Amino acid sequence: MQIKSLSATGIRDFLQCVLKIVFRYDREIVSVKNDHMKIGIAVHEAIEQFTRRMLVKKSFPDASDYEFAISSFMNSATQVGLETLSFYSDGKKMVTDYIDKYDPSEEILDVEHRFKLTTPEGIPIVGAIDKVVRVNDDTIAIIDYKTSRTAMTNWQLQDDIQLSMYDLAASIIWPEYTNRILYLDYVRIDKQVSTYRTEEDRVTFREFLVSLWTQFNKVEEEEVRGTINNLCGWCDYKIYCPTYEAFINSDSIAIPPLSEMEDADFLNHWTSVNDKKSALEARQREHKIKASERAMRGDDIKDGTRELHSNQDARTNYDIEEVVEIMPQEDLFTVLAANKARLDRYVRDHPELKSPLAKVAKVNYNAPVFKVRKAAPVEGADVGKPDTVKDESAA
Ligand code: SF4
């Protein structure tokens, strides 16, 4: 298969499922985006347009700038076909929160910087960096916006392919800055996380690209089969994918006795069950979205003997300040509990309370959570089959 260049998304797809790459590069099939992807596109567009406008104005944003950015978001969201109505208010809030924090003194070098480069080893790479900021004479910040609800952990940041790609590209485009801080700005949850790559990391990544490039170009389209994995439900190409269709249509999932399994089979089976569970959960989410859409139109889902029925659980909340006014003071401690998340936020602004609170904290442990991960190779062990265990947590 002939491809023109490597992108971070292409690499992630390749490592997840080679068939996805065949769909992406070879057959020119249009990817089907879900509403989570569409809101991401619209928020990115609005922030980019807003930032470009502010680069010209060089001032704090005023009401017209908010209006401009919100209307950029709305135009882009309708253009990409965002259907979930609640996502429109989510997107507007993300854009507004972003503008609230805008700092005109930031030295922005570029926004939405598209790159098409060749690495020193001759590997063509492409991508787009959301924002580049000059920190000082030696340092730049490379910023990528995210609209997801959870932020990457430190170890995920260290291994993230997109950030490694940005670091490598920035080292070629802006060589005068020897330090590059890599930021992910989670605009939905107002959280920024950062990392960096060492020279050694960069060299390893470049070697990784060489190896991937060779493997990409060895792919024979006709021989590729899909790999069911925990992200199939989110795959842009699942409606074209025969492997996914066969999986969704199969009525049986083999459940061999666990007690007789060798460890390698146990780990393979564990990974396979997890992947299938995630794919089925994604399918269930699609069911719920479709059922909600039809319910909103008053359109029942039923056959001759059954119908889809829904009920809504109610959750009751009390305003703490009003409760305190009503209840006798001496009984308050019998009903009130400290909210850990709010207490943690409070301690961030009152660090002197951290130590006394730590002394009275009570820690309880939940049931253990098991995950398959790569283990350090055992000396002398047979490592001839590196693909038998996939690191789920890296997906
Ligand atoms: S649906 Fe799953 S198996 Fe099919 S192309 Fe996408 S990732 Fe691969």
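Owing to the predicted nature of the structure, the values given are computational and were not obtained by experimental measurement.

Conventions and cut-offs
- Residues numbered from 1 in each chain as written.
- Predicted model: local features only at pLDDT ≥ 70, side-chain atom pairs only at ≥ 80, totals over all residues.
- Helix = DSSP H or I, 4+ residues; strand = E, 2+ residues; numbered from the N terminus.
- Buried ≥ 20, exposed ≤ 12 C-beta atoms within 10 Å, placed from the backbone.
- Contact = placed C-beta atoms within 7 Å.
- Near = placed C-beta within 6 Å.
- Nonpolar A, V, L, I, M, F, W, Y, C, P; charged D, E, K, R; others polar.
- pLDDT = per-residue confidence, 0-100.
- Domains from an automatic or database assignment.
- Pairing = 2+ DSSP bridges.
- Axes fitted to C-alpha atoms, helices over the stretch in contact; angles between N-to-C directions.
- Core = buried A, V, L, I, M, F, W, Y, C linked by C-beta atoms within 7 Å.
- Parallel < 35°, antiparallel > 145°, perpendicular 65-115°, else oblique.
- Left-handed = near helix turned anticlockwise from the far one by under 90°.

(A) Quick peek at the overall build of the chain. A tally of regular secondary structure across the chain gives 14 helices and five strands. Seen through its principal axes, the chain has C-alpha atoms that stretch 75 × 65 × 55 Å. Evaluated residue by residue, the chain yields a buried proportion of 22% over its 395 residues. Sequence separation of 24 or more characterises 68% of the internal contacts of the chain that already satisfy a separation of 6 or more.

(B) Expanded view of the environment of Leu19. Relative to the helices and strands, Leu19 resides in helix α2 (residues 18-26). Residues Leu19 and Tyr237 lie 218 residues apart in sequence; the distance between their C-alpha atoms is 9.3 Å. When near neighbours in sequence (up to four residues on either side) are disregarded, Leu19 contacts Val224, Arg225, Gly226, Cys241 and Thr243.

(C) View of the site of the ligand. Around the ligand, the structure places 15 residues, and the nearest of them are Cys17, Gly226, Cys232, Cys235 and Cys241. Elements supplying a minimum of two residues to the shell around the ligand: α2 and α9 (242-249). Split by residue class, the shell around the ligand holds eight nonpolar, five polar and two charged.

(D) Examining unusual backbone geometry more closely. Residue Glu112 is not a glycine yet carries a positive backbone phi of 45°. Note that Glu112 resides in strand β1 (residues 107-118). Glu112 sits in the partly exposed class, given 16 other C-beta atoms within 10 Å. At Asp190, a position not held by glycine, the phi torsion is positive, near 50°.

(E) Up close: the confidence of the model for the chain. For the chain, the mean per-residue pLDDT works out to 87, and 93% of the residues sit at or above 70. The model gives residues 382-395 a pLDDT under 50, and that stretch makes 21 contacts with residues more than four places away or in other chains.

(F) Broad picture of the domain arrangement of the chain. What the domain assignment lists for the chain is domain 1 (106-219) and domain 2 (323-360). Computed from C-alpha atoms alone, the centre-to-centre distance between domain 1 and domain 2 is 41 Å.

(G) Spatial organisation of the sheet that holds β1. The strand order across the open sheet formed by five strands is β1-β2-β3-β4-β5, and the pairing between neighbours is mixed. In this open sheet, the two strands that pair with only one neighbour each are β1 and β5 (191-195). Taken pair by pair, the neighbouring strands of this sheet meet at an average axis angle of 35°, ignoring direction. As paired elements, strand β2 (residues 124-134) and strand β3 (residues 139-146) share four bridges and run antiparallel to each other. Paired with Lys131 across the bridge in β3 is Ile143. Strand contacts of helix α3 (residues 35-57): β1, β2 and β3, with the helix running at about 125° to β1, the strand carrying the most contacts.

(H) Main features of the nonpolar core. The biggest cluster of nonpolar side chains holds 35 residues, and the ones touching the most others in it are Leu6, Ile140, Ile142, Met165, Tyr166 and Ala169. Listing elements by their share of this core, those giving two or more residues are α1 (8-16), α2, β2, β3, α7 (161-173) and α8 (199-218). The greatest single-element share of this core, amounting to seven residues, is contributed by α7.

(I) A look at the packing of α3 against helix α5 (residues 85-100). Running from N to C, α3 and α5 point in directions that differ by 30°, and their axes come no closer than 10 Å. Taken together, α3 and α5 sit at an angle that is classed as roughly parallel. In terms of crossing hand, the pair formed by α3 and α5 is right-handed. Residues Asp35, Ile39, Ala42, Val43, Ala46, Ile47 and Phe50 of α3 touch α5, and the partners they reach there are Phe87, Asp90, Gly91, Met94, Val95, Tyr98 and Ile99.

(J) Looking closely at the packing of α3 against helix α4 (residues 63-80). Here α3 crosses α4 at 145°, and the two axes come no closer than 8 Å. Crossing of α3 over α4 shows right-handed handedness. Residue-level contacts link Lys38, Ile39, Ile41, Ala42, Val43, Glu45, Ala46, Gln49, Phe50, Arg53 and Met54 of α3 to Asp65, Phe68, Ala69, Ser72, Phe73, Ser76, Ala77 and Val80 of α4. For the contact of α3 with α4, the per-class residue count stands at 12 nonpolar, three polar and four charged.

(K) Structural view of the pairing of β2. Pairing between β1 and β2: 10 bridges, direction antiparallel. The residue bridging Arg114 from the neighbouring strand is Ala128, located in β2. The loop that links β1 with its antiparallel partner β2 comprises five residues; one of these, Gly122, has a positive phi angle of about 90°. Hairpin connection, β2 to β3: the antiparallel pair is bridged by four residues.

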